[in-house]
Amino acid sequence: MNITITIRPSVNLDRNQSLHRNESIDSVVDLSATTLQPFFYSSGTSPISNTNGVAKVGTIHIPHLMAVCYAIICFAGIVGNSLVIYVITRFAKMKIVTNMFILNLAFFDILFLITIPMTITTTLVMHWIFGLALCKIHLLFFSMNIFGGIFSLSVMSADRYIAICHPIRSMKYRTPRAALITCCVIWLLSFIFVLPVIIYTNLTSNRKGYTCTIKWPTDQPFHPGVAFIWYCFILGFAIPVPIICVFSILVVLKLRQVEVVRNNRENWNSHRHVTRVVLCIIMVYILCWLPYWCFQIRNVHDESRPNIPLFLFLTVLAYANSMINPFLYAFLSNNFRKTLVSAIKCQKQSVSRKSTDDEKLHRFPQKSQIIYFNRSTTQVSNEENVNFFMNENR
């Protein structure tokens, strides 16, 4: 989950330097899935300074830098994932089982990316202005992206294992219908796992307005925020990733051991290619999210003040994962790349053909294009016009 960095008055600086573990969690870092609001206070040893209330690292204004990074991720991610959704849903040859899971992953990424404009606005104005309903939706979509993304990757790795290691038996289970049911189950589980976010998300007042955060109950024998961090880490990363790694290792070993018969070489090469794409997606996901979760777990049990610039960088890295996947498909999948280029060309040809036909319909007829009627036949002086009218009347 995300972290909200809050500032304490300068008169409390000495007291904050000696905070014990629980107090530092409550006062310095709000462990909740809310938008980043980086306020910092000055420290002689910190690279972060606060001048007139504006957070800086050196001469760089952190809110502006974060807003630019978020905007790039949002724009590139929405465009890329929209193209993935269009290509897979538009062309029948792309509607294979693996691509259905890729499509599911793209929907989860889109769900998260459409909330980033709210993150950008909040980062710049330093408080939440969108109300409680959108606050709940914002944190819901972000949390569902965490669980839905890793669950989709888990299913993709299991699907590759079944297709490679049990090719005959897999024909019975690897069907588009089964893939659709699996995707629906992933959405249902993702929603169930983030129910605490829906229940406890609320608006809390601050000096500038409101903060969108998860307001945990206080009368608990343990810190609910810390428990929720562990809950998300275990179910959304620690358990699925080893399972994914096991399936991936088994697939790689199988691909190296099998000797391909000449007649099946093309089919087996296709399996290798799809498996390479899936493994790259999994590897990039782990590289993007592992540092983020390591920082979160370390921060939960570390009494020292968190490294804010490092946290901001890791947050951008985790967010960027939703933007990277379409570029992986474009670079690694020849089939996806060719289909995308074909779709663009068809769209251009369709627009060009439509404009040409409109021009012909509105053009004043020439003498050579006049139709002469006879008792038995209709004679057209230009053979091209025959084809034109036939096409128009289909």
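Keep in mind it's a predicted model, so treat the numbers as computed, not measured. (Residues numbered from 1 in each chain as written. Predicted model: local features only at pLDDT ≥ 70, side-chain atom pairs only at ≥ 80, totals over all residues. Heavy atoms only, no water.)

A.B. asks: Before we go on, may I ask you to explain the pairing of strand β6 (residues 201-205) in this structure?
C.D. replies: For a regular strand, the rule is simple: side chains alternate between the two faces of the sheet. The sheet contact formed by β6 and strand β7 (residues 210-214) spans 5 bridges and is antiparallel. Looking at β7, one finds that Leu203 is bridged to Cys212. Count of turn residues in the β6/β7 antiparallel hairpin: 4 residues. (Pairing = 2+ DSSP bridges. Helix = DSSP H or I, 4+ residues; strand = E, 2+ residues; numbered from the N terminus.)

A.B. asks: Looking at this structure, I do not really get the packing of aromatic side chains. What am I missing?
C.D. replies: Each aromatic ring pair is characterised by the separation of its centres together with the angle its planes make. Under the criterion given, the structure shown has 23 aromatic pairs. Relative to Phe237, the ring of Phe233 has its centre 6.1 Å away and its plane inclined at 25°; by these criteria the two rings are stacked. Taken together, the positions of Phe233 and Phe237, both in helix α10 (residues 224-238) and 4 residues apart, correspond to about one turn of that helix. You can call Phe233 buried: its relative accessible area is 17%. Phe237 sits in the buried class, given a relative accessible area of 5%. (Phe/Tyr/Trp six-rings, centres within 6.5 Å; stacked < 30°, edge-to-face > 60°. Buried < 20%, exposed > 50% of the residue type's maximum accessible area, 1.4 Å probe, protein only.)

A.B. asks: I keep staring at the environment of Met156 and nothing clicks. Help me out?
C.D. replies: The topology assignment puts Met156 in helix α6 (residues 131-165). Taking C-alpha positions, Met156 is 9.9 Å from Ile281, a pair spaced 125 residues apart along the chain. What Met156 contacts, discounting residues up to four positions off in sequence, is Phe101, Ile102, Val278 and Ile281. (Contact = heavy atoms within 4.5 Å.)

A.B. asks: Hey, could you run me through the state of the cysteines in this one?
C.D. replies: Each disulfide is one covalent bond, formed between the sulfur atoms of two cysteines. Here the structure, examined in full by the defined rule, presents 1 disulfide. Bridging Cys135 to Cys212, the disulfide has an S-S length of 2.0 Å. Every disulfide takes its handedness from the sign of the S-S torsion; for Cys135 and Cys212 that torsion is 90°, giving right-handed. Residue Cys135 is located in helix α6, and its partner Cys212 is located in strand β7; the two are separated by 77 residues in the primary sequence. (Disulfide = S-S within 2.5 Å.)

A.B. asks: Looking at this structure, I do not really get the confidence of the model for the chain. What am I missing?
C.D. replies: The predicted coordinates of low-pLDDT regions are not to be read in fine detail. Residues with a pLDDT of 70 or more make up 69% of the chain, whose mean pLDDT is 75. Overall, residues 1-54 carries pLDDT values under 50, and its contacts beyond four positions in sequence, including any with other chains, amount to 150 contacts. Low confidence marks residues 360-394, where pLDDT is under 50. Its contacts with residues over four positions away, or in another chain, come to 23 contacts. (pLDDT = per-residue confidence, 0-100.)

A.B. asks: Explanation requested: helix α13 (residues 308-332) in the structure shown.
C.D. replies: For α13, which comprises 25 residues, the first-to-last C-alpha distance of 35 Å matches the rise-based estimate of 36 Å (1.5 Å per residue) to within 8%. Sitting at the amino-terminal end of α13 is Asn307, which places a side-chain oxygen 3.2 Å from the backbone nitrogen of Leu310. (Expected span 1.5 Å × (residues − 1). Polar contact = N/O pair within 3.5 Å; in protein donor to acceptor, adjacent residues only side chain to side chain.)

A.B. asks: Looking at this structure, I do not really get empty space enclosed by the protein. What am I missing?
C.D. replies: Using a probe with the size of a water molecule, rolled over the atoms, empty space left in the structure can be pinpointed. Per the counting criterion, the structure on display carries 1 cavity of 30 Å³ or more. Its volume calculated, the largest cavity comes out at about 50 Å³. Considering the residues around the largest cavity, the lining is formed by Leu105, Asp109, Asn145, Ile146, Gly149, Tyr285, Trp289, Asn321 and Ser322. When residues in the lining of the largest cavity are grouped by element, the largest group, 3 residues, is from α6. (1 Å grid on protein atoms, 1.4 Å probe; cavity = no way out; pocket = protein on both sides within 12 Å on 5 of 7 lines; lining within 4 Å. Points joined across faces, edges and corners; volume = space filled by probe spheres on them.)

A.B. asks: Looking at this model, I keep getting lost on the pattern of salt bridges. Mind explaining?
C.D. replies: Should their charged atoms come close, side chains of opposite charge can pair. Applying the stated criterion to the full structure yields 2 salt bridges. Arg160 is the partner of Asp159 in a salt bridge, and the nearest nitrogen-oxygen pair spans 4.0 Å. Neither residue differs from the other here; Asp159 and Arg160 are each classed as buried. Across the salt bridge formed by Asp159 and Arg174, the nearest N and O atoms sit 2.6 Å from each other. One end of the pair, Asp159, is in helix α6; the other, Arg174, is in the loop between α7 (167-173) and α8 (176-193), and 15 residues separate them in sequence. For Asp159, a relative accessible area of 6% puts it in the buried group. (Salt bridge = Lys/Arg side-chain N within 4 Å of Asp/Glu carboxyl O.)

A.B. asks: Help me understand α6, please; the structure alone is not making it clear to me.
C.D. replies: Residue pairs three or four apart in sequence face the same way in an α-helix, which turns once every 3.6 residues. Taking 1.5 Å of rise per residue, the 35 residues of α6 would be expected to cover 51 Å, and the 51 Å separating its terminal C-alpha atoms lies within 8% of that figure. With respect to burial, α6 is a largely interior element, 26 of its 35 residues being buried.

A.B. asks: Is there a simple way to think about the packing of helix α4 (residues 97-113) against α8 in this case?
C.D. replies: α8 packs onto α4 with a crossing angle of 25° between their chain directions and a minimal axis gap of 9 Å. In terms of their interaxial angle, α4 and α8 are classed as roughly parallel. Classified by chirality, the crossing of α8 by α4 is right-handed. Contacts between α4 and α8 involve Val97, Met100, Phe101, Asn104, Phe107, Phe108 and Leu111 from the former and Pro176, Ala179, Leu180, Thr182, Cys183, Ile186, Trp187 and Ser190 from the latter. Residues that form the contact of α4 with α8 fall into these classes: 12 nonpolar, 3 polar and no charged. (Axes fitted to C-alpha atoms, helices over the stretch in contact; angles between N-to-C directions. Parallel < 35°, antiparallel > 145°, perpendicular 65-115°, else oblique. Left-handed = near helix turned anticlockwise from the far one by under 90°. Nonpolar A, V, L, I, M, F, W, Y, C, P; charged D, E, K, R; others polar.)

A.B. asks: Where do I start with the environment of Leu340 in this structure?
C.D. replies: Assignment of secondary structure puts Leu340 in helix α14 (residues 334-362). Between the alpha carbons of Leu340 and Ala330 there is a distance of 8.5 Å; along the sequence they are 10 residues apart. The contact partners of Leu340, leaving out residues within four places of it in the chain, are Leu83 and Val87.

A.B. asks: Teacher, can you tell me more about a nonpolar patch on the surface here?
C.D. replies: There is a patch of nonpolar side chains on the surface, built from Ile181, Val185, Leu188, Leu189, Phe191, Ile192, Leu195, Ile199 and Tyr200 and spanning about 770 Å² of accessible area. The set of elements that each furnish at least two residues to the nonpolar patch consists of α8 and α9 (195-200). Among the elements that make up the nonpolar patch, the one with the highest residue count is α8 (6 residues). On the secondary structure map, Ile181 appears in helix α8. (Patch = residues over 30% accessible without salt bridge, like charges linked within 9 Å, V, L, I, M, F, W, Y side chains within 5 Å. Areas by Shrake-Rupley, 256 points an atom, 1.4 Å probe, with all protein chains shown as cover.)

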